[in-house]
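# Descriptive analysis of the structure
Below are the chains, spelled out letter by letter.
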Amino acid sequence: MGYTSLDKIKALQKNPANVRNLCILAHVDHGKTTLADSLVASNGIISSRLAGKLRYLDSREDEQIRGITMKSSAISLHYASGEKDYLINLIDSPGHVDFSSEVSTAVRLCDGAIVIVDAVEGVCPQVNAVTGSLFTSKVLEDRAVKEERAEEDKEEGDIEPAECPGSEQVYDWSAGLEDSDDSQLYFSPDQGNVVFASAIDGWGFSIQQFAQIHSQRMGIRAEVLLKTLWGDFYLNAKAKKIMKGAHAKGKKPLFVQLVLDNIWSLYDAVVTRRDKEKIEKMMMSLGVKVMTRDSRHSDPKVLLSAICSQWLPVSQAVLFMVCDKLPSPLDMTSERIERLMSVGARRFHSLPLQTQELKTAFMQCSSDDTAPVIVFVSKMFMVDAKALPQNKQRPLTQEEMAQRRELARQRHTERLAAIQQTESGEGNAQSGSTTPAKPEEEEEKETFVAFARVYSGVVRRGQKVFVMGPKYDPAQGLRMVRIVSACLPPVPHLACCTMDSLYLLMGRELEELEEVPSGNVLGIGGLEECVLKSATLSTSPALPPFIPLNFEATPIVRVAIEPKHPSEMPKLVRGMRLLNQADPCAEVLIQETGEHVLVTAGEVHLQRCLDDLRERFAKIEISASKPIIPFRETVIRPPKVDMVNEDLGKQQKVAVIHQVKESDTLHLDPSGLVTLTTPNRQATVGVRAIPLPEEVTLLLEGSADLIRTLEQAGQAQREGRTLDMSTWTLDALMVLKSRLEVLLQGRKWRNAVDRIWAFGPRRYGPNILLNSVEGYQRPSVWHCLEREKGEKEGGAKAEASAIRDFDNSVVSGFQLATLSGPMCEEPLMGVCFSVERWDMNFPTQRTHLDSVTEEDSNSLDASVSESPGEAAGQQEASGKAGGAGETPSQAEGAVAGASQGRRRAEVVLVDCYGPFSGQLIAAVKEACRHAFQAKPQRLMAAMYTCEIMATAEVLGRVYGVLGKREGRVLQEEMKEGTEMFIIKAVLPVAESFGFADEIRKRTSGLASPQLVFSHWEVISSDPSWVPTTEEEYLHFGEKADSANQALKYMNGVRRRKGLYVEEKIVEHGEKQRTLSKNK
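Worth saying up front: this structure is predicted, and the values here are computed from it rather than measured.

Before going further, it helps to spend a moment on the overall build of the protein chain. Broken down by element type, the protein chain carries 37 helices and 35 strands. Among the 1079 residues that make up the protein chain, the fraction classed as buried is 47%. When contacts within the protein chain are restricted to residue pairs at least 6 apart in sequence, those whose partners lie at least 24 apart make up 73%. A total accessible area of about 54,700 Å² is found for the protein chain, and carbon and sulfur atoms account for 51% of it.

Take a look at the structure:
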């Protein structure tokens, strides 16, 4: 197929029934971009000779050097099948796990995918991960449900959606499958959804092609061959029948006999033997003609590719399967639409009626002028301004060339005249020195283009649309906005922008468009001021924002960045802002210390981000710190044996208790209860730290979104509002509560779930504040569930009034304590703080004052729940604002102002709720920290799941590298039918830097690891451990000189944060000798 013009593609865009939006998914180095090259070559965009070598969609320089794809790239292709013309919007996605966020951005815009599986390595970890992304994004899932429902009249069972407590809706595939035909759910060659191919050699085929070829030759119907070509069938030459049981009878299967033998014989003749006569015969029988230079080429692969690309072109087989099997934009199911529009706790049926009517626009995928425009932007990517179509140099006409030629002649004549007139030539030197300065002053400008898809309506250049923020409420927007206009009323999380330009994405090139109908993928220019990473655009304010993208890789690797020259800090800040916008997974933070921190998904991702900062965004020299490793702090049950597995008795307990120094305001009970009194002696708090079971910690960590929704519902209830939650969210919260009740069993956890006061840090973390105060029956955090179910509605107000004064101060102190622990100021994890005493005894003169209002407590809690640094800054700012507001007048002068400040300070010390609430926050925080220290403390390290494929020869070296880096092998199994071993291990993130390079060097490139963040794991060693028993003295020595891994990690974090590190620089200085004496 030849080159397709832009006008042809514009015409194809208007027929959504023949549009296919798909992405290519696979493990790293399995041939995604090579296959994409073959598909691109079918449209004449690149030469078929360069297919597989050029890697056209890898446009970055580092992609070409490393040989891996780092970003998603789109291209539009034309394919003609019979009388129908199809438009294929193809997106090539990365296979490396560090760039799985790019896969998520591609999957959201597509209706289907090509999954590539290497014939040698088989189904690899990343294949499972990306197909999981498909099901999560409702691409394959809804297709399967649609096909099942089409058969529901013939079948007894059907697939029913099962509600789960997670953030995504998962389908229970086991329900009703015994009675139903589930063959459509599987990949099988006889279903027509599998193609066998070699993209590097240019051939590919499906079973259907060979069934049609051999049906004419053998006189067997194509339908029979289609069912028997794949399976345990063989051809009985004597009986001229196809029989079953090839494996049992030792016969060649039909697939091997009719398909693979032909391909193997071609390889044998061309590559192995180079038999020219046999090649000529095979070419004549296949009807293939090759060029003379191909047949005489020294590399036999060139001839092989020339023959195969005509006999079994891979592009023909793949594109036919795509058009036949994948759905068009018109086939979008209602389940997928409802899921896209139901964000967080909102259910689809609770959305406004106008919003629900937009579902019809989705289903129709209409391009009428009356249809509302609905666009989703999945990412923003940066393009050099010179590469934009409007800035490219267009070919000159004959008239323009003649004009330029005449102007050049005139300038040449003037220059010669000036030379003759000027004897010294100074003027020429000056003009020569000034002219080249202009291009140096011009900076290379880059612009952002949005990677988007139109779901409804027609997008036109210059059109104004709404930009829906992630927290936008359509009900509120409909009350305030009716039409898109430049002057919008102040609607929260809603903005208006203009789409300055529209582009057709053609890999490395962009083509300018005037309009794009629905169902197509496009690029949009002019949105960089309104869209950060992803966004929902529409002409209707009734549209809610789409659900956020689901990223498989969690950003975990942090580095602090600073410029080499401090004067270039503004350039670095601007560059990091651009990087944050251009990378869907990277995060940019400014810590309390003022450091600019970059958070990335892995080592390769980090290197790419740093290169982009230096060369594209900041364009300055930068220096990056060593990776900042995150840790967590926790407590465990007192161990029963010492470090040499001897029975401890009571020694460890005594040693732990004496870690906390008592004072007049602090008392430690032998059972671990810490009692602390505020400095003004008006409140006493008793707190005990209890380790949470591991299952509870994992459940809380995985249910962060649900807990955040629960907190929002409780906050709305305290403010007298109602938060409308979806049915599946309510059910998920009920499941979460019931699972907590099952996991928290025992005497000390009796009624613990109903006594939960708060979660932390940031109100949704994996730590619990428990209300064990006698006589304080505060409303449960689960009270919103009872109110939603219609229970206890009458007593809601009465129960709300049962909250004590300063209740939020206790919660705020807990949030601060869990945000930074006492070991190295890292967040806590898996700790339950039980408040067993809370006494307040105010003086009599304070009883007439009102209690703290809910709004003041909430604002105070919001200011302290983020971080200590932010809390201090906000309190300082509020103090300044308050001081400015209370000065009597500006005319009284500085003396009057100072005396007024002193009087106000005296009132504060004597009688004011503000300082007392601050004292209570500090007291609760310190009580929690001391209660934490009264238990055995441990660090928790972030762990990677490491999957390595290696041969038996290098297995020992792989184990050696893992053991050196504190790794632990979980499983080792041999891949069936190959010599490859799959090793599954866990590796600390702190030890992972340089791991991939080292393992490749040690194994000569025969093993390659995939690292994905998995979980947090307790480091078994105690950071503060010293030998106490006689056996430990004998084994470890008096000073315990053997390396303590947890202490090394803890001191490293404390040193980085500027905290005190207890270490001796010089020991036994009198024994040191100089170098001269050693000689």
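Let's pick the thread back up.
Within helix H33 (residues 955-964), burial applies to Leu955, Val958, Val961 and Leu962. All buried residues of H33 fall inside an arc of 125 degrees around its axis, so they share one side. Relative to its buried face, H33 has exposed residues pointing more than 90 degrees away, namely Gly956 and Lys964. Those residues of H33 hidden inside the fold are in contact with strand S32 (937-951), strand S33 (968-974), strand S34 (980-988) and helix H34 (995-1002).

This paragraph deals with the sheet that holds strand S28 (residues 683-691). Strand order in the open sheet made by the 6 strands is S26-S27-S28-S31-S30-S29, with mixed pairing throughout. What marks the edges here is a single partner per strand, and that holds for strand S26 (666-668) and strand S29 (756-760). Strand after strand, the sheet turns through a mean of 20 degrees between neighbouring axes, direction not considered. Strand direction decides the pairing type here: S28 and strand S31 (residues 831-840), joined by 9 bridges, are antiparallel. What sits directly across from Ala689, in S31, is Phe833. Seen against the sheet, helix H28 (residues 807-819) touches S29, strand S30 (767-771) and S31 and runs at an angle of roughly 35 degrees to S29.

A word on the nonpolar core. Counting residues in hydrophobic clusters, the biggest one holds 98 residues, and the most contacted among them are Ile524, Leu527 and Leu598. Top contributing element to this core by residue count: S32, with 6 residues. Dropping the residues within four chain positions of it, Leu598 is found in contact with Val557, Arg558, Val559, Ile561, Met576, Leu579, Ala586, Glu587, Val588, Leu606, Cys609 and Leu610. Core analysis: the next-biggest nonpolar cluster, separate from the first, contains 46 residues, Phe631, Leu769, Cys928 and Ala931 among them.

We now examine helix H14 (residues 334-341). Of all 8 residues in H14, 6 are buried; the element is thus mostly enclosed. Among the residues making up H14, those that are buried are Glu335, Arg336, Ile337, Arg339, Leu340 and Met341.

Within this structure, the stated rule accounts for 19 aromatic pairs. Aromatic side chains Phe376 and Phe546 sit 5.4 Å apart centroid to centroid with 15 degrees between the ring planes, which places their arrangement in the stacked category. With Phe376 in strand S11 (residues 374-384) and Phe546 in the loop between strand S20 (535-538) and strand S21 (557-563), the pair connects residues that are 170 residues apart, well separated along the chain. A relative accessible area of 5% means that Phe546 is categorised as buried. Taking the centre distance of 6.3 Å and the plane angle of 80 degrees together, the rings of Phe381 and Phe451 count as edge-to-face.

On to unusual backbone geometry. The omega torsion across Gly760 and Pro761 is 0 degrees, close enough to zero to call that bond cis. Here Pro761 is to be found in the loop between S29 and S30. Residues other than glycine seldom take positive phi values, yet Arg681 does so here, at roughly 60 degrees. With respect to the secondary-structure elements, Arg681 resides in the loop between strand S27 (674-677) and S28. Judged by its relative accessible area of 43%, Arg681 falls in the partly exposed class.

Right, let's talk about the environment of Gly994 for a bit. Assignment of secondary structure puts Gly994 in the loop between S34 and H34. Between the alpha carbons of Gly994 and Glu603 there is a distance of 8.1 Å; along the sequence they are 391 residues apart. Ignoring sequence-local partners within four residues, the contact set of Gly994 consists of Glu603 and Arg965.

Here the focus is the sheet that holds strand S22 (residues 587-590). Strand order across the open sheet formed by 4 strands is S22-S23-S21-S24, with antiparallel pairing between neighbours. The two strands at the open ends of the sheet, each matched to only one other strand, are S22 and strand S24 (622-624). Going from strand to strand, the sheet's axes swing by 30 degrees on average, the running direction of each strand aside. Two strands pair when backbone bridges link them, and S21 and S24 are joined in this way by 3 bridges, in the antiparallel orientation. Along S24, the bridge assignment pairs Ile561 with Ala624. Of the strands in this sheet, S21, S22, strand S23 (596-600) and S24 are in contact with helix H20 (residues 569-582), which crosses S23 at around 25 degrees. The strands that helix H21 (residues 603-617) touches are S21, S23 and S24; relative to S23, the one it contacts most, it runs at about 135 degrees.

In total, this model carries 35 salt bridges according to the counting rule given. Between Arg55 and Asp58 there is a salt bridge, and its shortest N-O distance comes to 3.4 Å. Three or more residues are tied together by salt bridges with common partners; here these are Arg60, Asp62 and Asp612.

So, about the packing of H20 against H21. Viewed as axis vectors pointing N to C, H20 and H21 meet at an angle of 120 degrees, and their least axial separation amounts to 10 Å. By the angle between their axes, H20 is oblique relative to H21. Note that H20 runs across H21; the crossing there is right-handed. Taken together, the residues of H21 that come into contact with H20 (itself represented by Arg574, Gly575, Met576, Leu578, Leu579 and Ala582) are Cys609, Asp612, Leu613 and Phe617. Among the residues making up the contact of H20 with H21, the classes are represented as 7 nonpolar, 1 polar and 2 charged.

Turning next to the pairing of S29. Along S29, 5 of the 5 residues are buried, which leaves the element largely enclosed by surrounding structure. With 4 bridges connecting them, S29 and S30 associate as antiparallel partners. Residue Ile756 lies in a different strand from S30, and its bridge partner there is Leu770. Here S29 hands over to S30 after 6 residues, with Arg762 in that stretch at a positive phi of 55 degrees.

Time to look at the side chain of Arg60. Among the secondary structure elements, Arg60 is positioned in the loop between helix H2 (32-41) and helix H3 (61-66). Residue Arg60 is classed as buried on the basis of its relative accessible area, which comes to 13%. Engagement of the side chain of Arg60 in a polar contact is seen with the side chain of Asp612, the distance being 2.9 Å.

With that settled, the discussion passes to the packing of H14 against helix H15 (residues 353-364). Each pair of packed helices can be described by the angle between their axes along with the distance between the axes. The interhelical angle for the contact between H14 and H15, taken along N-to-C directions, is 135 degrees, at an axis separation of 10 Å. The angle between the axes of H14 and H15 places the two elements in the oblique class. Crossing geometry of H14 relative to H15 is assigned as right-handed. Note on element contacts: H15 touches H14 through Thr355, Leu358, Lys359, Phe362 and Met363, opposite Ser334, Ile337, Glu338 and Met341.

As for its position among the elements, Ser1008 is in strand S35 (residues 1008-1018). Ignoring anything within four residues of it in the chain, the contact list for Ser1008 reads Glu947, Ile948, Met949 and Arg1000.

What follows is about the confidence of the model for the protein chain. Within the protein chain, residue pLDDT values average 79, and 78% of them lie at 70 or more. A low-confidence stretch, residues 424-443 stays under pLDDT 50, and its non-local contacts, those more than four residues away or across chains, total 1 contact.

Time to look at the environment of His30. Within the secondary structure layout, His30 lies in the loop between strand S1 (19-26) and H2. Assessed through its relative accessible area of 8%, His30 is described here as buried. Residues His30 and Val117, 87 residues apart in the sequence, show an inter-C-alpha distance of 7.0 Å. Excluding residues that lie within four positions of it along the chain, His30 makes contacts with Ile116, Asp118, Glu121, Gly122 and Cys124.

Attention shifts here to the state of the cysteines. Evaluated as defined, the whole model comprises 0 disulfides. Cys23 forms no disulfide, and the closest cysteine sulfur to it belongs to Cys110, at a distance of 4.0 Å. You can see Cys609 has no disulfide; the closest cysteine sulfur is in Cys585, sitting 8.4 Å from it.

What counts, and at which threshold
- Residues numbered from 1 in each chain as written.
- Predicted model: local features only at pLDDT ≥ 70, side-chain atom pairs only at ≥ 80, totals over all residues.
- Heavy atoms only, no water.
- Helix = DSSP H or I, 4+ residues; strand = E, 2+ residues; numbered from the N terminus.
- Buried < 20%, exposed > 50% of the residue type's maximum accessible area, 1.4 Å probe, protein only.
- Contact = heavy atoms within 4.5 Å.
- Areas by Shrake-Rupley, 256 points an atom, 1.4 Å probe, with all protein chains shown as cover.
- Arc of directions from axis to C-beta.
- Pairing = 2+ DSSP bridges.
- Axes fitted to C-alpha atoms, helices over the stretch in contact; angles between N-to-C directions.
- Core = buried A, V, L, I, M, F, W, Y, C linked by side-chain atoms within 4.5 Å.
- Phe/Tyr/Trp six-rings, centres within 6.5 Å; stacked < 30°, edge-to-face > 60°.
- Salt bridge = Lys/Arg side-chain N within 4 Å of Asp/Glu carboxyl O.
- Parallel < 35°, antiparallel > 145°, perpendicular 65-115°, else oblique.
- Left-handed = near helix turned anticlockwise from the far one by under 90°.
- Nonpolar A, V, L, I, M, F, W, Y, C, P; charged D, E, K, R; others polar.
- Polar contact = N/O pair within 3.5 Å; in protein donor to acceptor, adjacent residues only side chain to side chain.
- pLDDT = per-residue confidence, 0-100.
- Disulfide = S-S within 2.5 Å.

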